[in-house]
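Architecture at a glance
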Amino acid sequence: MNSEFKSVAASKITIAELMLPSHTNFSGKIHGGYILSLLDQIAFACASKFSGHYCVTASVDTVDFLNPIEVGELVTMKASVNYVGKSSMIVGIRVEAENIQTGVVKHCNSSYFTMVAKDKNGHNIAVPGLILANDDEVRRFCNCIKMIALKKDKNQHEEIFDYKSEEAIEKLKNYHVKLLAF
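Read on for a plain summary of the structure. (Residues numbered from 1 in each chain as written. Predicted model: local features only at pLDDT ≥ 70, side-chain atom pairs only at ≥ 80, totals over all residues. Heavy atoms only, no water.)

Another aspect to go through is the sheet that holds strand S4 (residues 73-84). Picture the strands of a sheet paired through backbone hydrogen bonds; they go either parallel or antiparallel. An order of S2-S4-S5-S6-S3 is seen for the five strands of this open sheet, with the pairing classed as antiparallel. Single-partner strands in this sheet number two, and they are strand S2 (13-18) and strand S3 (54-65). Taken pair by pair, the neighbouring strands of this sheet meet at an average axis angle of 25 degrees, ignoring direction. Pairing between strand S5 (residues 88-99) and strand S6 (residues 105-118): eleven bridges, direction antiparallel. Of the residues in S6, the one forming a bridge with Ser88 is Val116. The strands touched by helix H1 (residues 32-51) are S2, S3, S4, S5 and S6; relative to S3, the strand with the most contacts, the crossing angle is about 135 degrees. On the sheet, helix H2 (residues 135-160) packs against S3, S4, S5 and S6 and is oriented at approximately 75 degrees with respect to S4. (Pairing = 2+ DSSP bridges. Helix = DSSP H or I, 4+ residues; strand = E, 2+ residues; numbered from the N terminus. Axes fitted to C-alpha atoms, helices over the stretch in contact; angles between N-to-C directions. Contact = heavy atoms within 4.5 Å.)

Structure below.
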């Protein structure tokens, strides 16, 4: 196991890109898929920089699109490792868009990617421990612990929940669905 420790600051990456008309969706806003591609790139760079190894995306745990991004805005993405496991890291990413004419900056997206470090043969490899240096870093780490626990609870619930039970079917009547097969 890797006994080395690195600071959150050692993982930080910032990228900025001007949004072009070629990045738009059918409504003229920047396409969410394009932003997801950039998010995956910065998560890879952040995790690889921190771990010193090639990293793969294990899951995209949260992507909250908060505000639309316009053509001509300067998008800045800031990423850092918020949590480490044995071979995994949770990378937090903040996306801001700046109107370069007015200087107005808006928070557009917050995302969390779980990345896994791999050796040259594609096997998981240990990552450095994480040095938490301030309240924000401790808060982010603790929030990741909560996120992991919620994910485990959800997965366990999926395994044991009987969605075919009378009780489950009855509860579905409270939603905007029509059941055909029951």
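A word on the pattern of salt bridges. Taken as a whole and assessed by the stated rule, the structure comprises eight salt bridges. Lys106 serves as the salt-bridge partner of Glu73, at 3.4 Å between the closest nitrogen and oxygen. Here Lys106 lies in strand S6 and Glu73 lies in strand S4, a separation of 33 residues in the sequence. Among the ionic pairs, Glu96 bridges to Lys78, the shortest N-O distance being 3.8 Å. With Glu96 in strand S5 and Lys78 in strand S4, this pair connects stretches of sequence that are 18 residues apart. Residue Glu96 is classed as buried on the basis of its relative accessible area, which comes to 17%. On the basis of relative accessibility, which here comes to 40%, the residue Lys78 falls in the partly exposed class. (Salt bridge = Lys/Arg side-chain N within 4 Å of Asp/Glu carboxyl O. Buried < 20%, exposed > 50% of the residue type's maximum accessible area, 1.4 Å probe, protein only.)

So, on to H1. Taking 1.5 Å as the rise per residue, H1 with 20 residues should run 28 Å; its terminal C-alpha atoms sit 28 Å apart, in good agreement. All buried positions along H1 are accounted for by Ile35, Leu38, Leu39, Ile42, Ala43, Cys46, Ala47, Ser48, Phe50 and Ser51. Looking at the residues trailing H1, positive phi occurs at Gly52, about 80 degrees. (Expected span 1.5 Å × (residues − 1).)

Before going further, it helps to spend a moment on the side chain of Lys118. Along the chain, Lys118 turns up in strand S6. Put simply, Lys118 is tucked away with no salt bridge, and the nearest opposite charge, on Asp119, sits 7.8 Å away. A polar contact of 2.6 Å, which involves the side chain of Lys118, links it to the side chain of Asn124. Sequence-distant contacts of Lys118, defined by excluding residues within four places in its chain, comprise His53, Tyr54, Val56, His123, Asn124 and Ile125. (Lys, Arg positive; Asp, Glu negative; His and termini not counted. Polar contact = N/O pair within 3.5 Å; in protein donor to acceptor, adjacent residues only side chain to side chain.)

Quick look at the environment of Glu4 now. The topology assignment puts Glu4 in the segment before strand S1 (5-7). With 100 residues separating them along the chain, Glu4 and Val104 place their C-alpha atoms 41 Å apart. Residue contacts for Glu4: discarding those within four places in its chain leaves Pro128 and Gly129.

All right, on to the pairing of S4 then. Of all twelve residues in S4, ten are buried; the element is thus mostly enclosed. In this structure, S2 lies alongside S4, joined through six bridges in antiparallel fashion. Looking at S4, one finds that Glu17 is bridged to Val75. Across eleven bridges, the pairing between S4 and S5 is antiparallel. Bridge pairing in S5 links Thr76 to Glu96. Remark: three residues form the turn of the hairpin made by S4 and S5, two consecutive strands paired antiparallel.

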